[in-house]
Amino acid sequence: MNPGVGTPGFDHGMSMTSQTGRTRRQEIVERLRDSEWAFDELRHELGLTVRVLEEDLRHIDRSVRATGSRLEIRPARCEACDFGFKSTAFHPPGRCPSCRDRRIAGPWLRVRG
Ligand SMILES: [Zn+2]
């Protein structure tokens, strides 16, 4: 009876056409091309949550690659014992695995190329 096409559904994935989303990401790219930013510095500057900025950076990572640039991540460091994190995750780790201090600096981000 029903041809079985079903509801077309909306593609709410990559194809975001929201202007605010696009301009904010462009602004982030411009800032990161200009100088190196600590994740938290950038987050406070733009008034974003960790999750939103992380999501933006994931998209930026992909989009700058497409233009031959690179989003570089300098890993976080513990301010108490100078432990260097290996992880290149965008967001700062919760605490230092070495001394358990929470004063973590970085990670730092930059777009090059
Ligand atoms: Zn430490």
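The rules behind the values
Residues numbered from 1 in each chain as written. Predicted model: local features only at pLDDT ≥ 70, side-chain atom pairs only at ≥ 80, totals over all residues. Helix = DSSP H or I, 4+ residues; strand = E, 2+ residues; numbered from the N terminus. Buried ≥ 20, exposed ≤ 12 C-beta atoms within 10 Å, placed from the backbone. Contact = placed C-beta atoms within 7 Å. Pairing = 2+ DSSP bridges. Axes fitted to C-alpha atoms, helices over the stretch in contact; angles between N-to-C directions.

Caption draft 1: Layout of the overall build of the protein chain. Check the secondary structure of the protein chain and you find three helices and five strands. Walking the protein chain from its N terminus toward its C terminus, one meets helices and strands in the order α-β-α-α-β-β-β-β. With 113 residues in all, the protein chain has 19% of them scored as buried. For the protein chain, contacts bridging at least 24 residues in sequence account for 56% of all contacts bridging at least 6.

Caption draft 2: Here's a closer look at the sheet that holds strand S1 (residues 37–38). Taken in spatial order, the three strands make up an open sheet running S1-S5-S2, and their pairing is antiparallel. On the outer flanks of this sheet lie S1 and strand S2 (70–74), each paired with one strand and no other. Bridging between S1 and strand S5 (residues 108–112) involves two bridges; their strand directions are antiparallel. Looking across to S5, one finds that Trp 37 is bridged to Leu 109. Helix-sheet contacts for helix H3 (residues 50–66) involve S2 and S5, and the interaxial angle to S2 is about 130 degrees.

These figures capture arrangement, not role.
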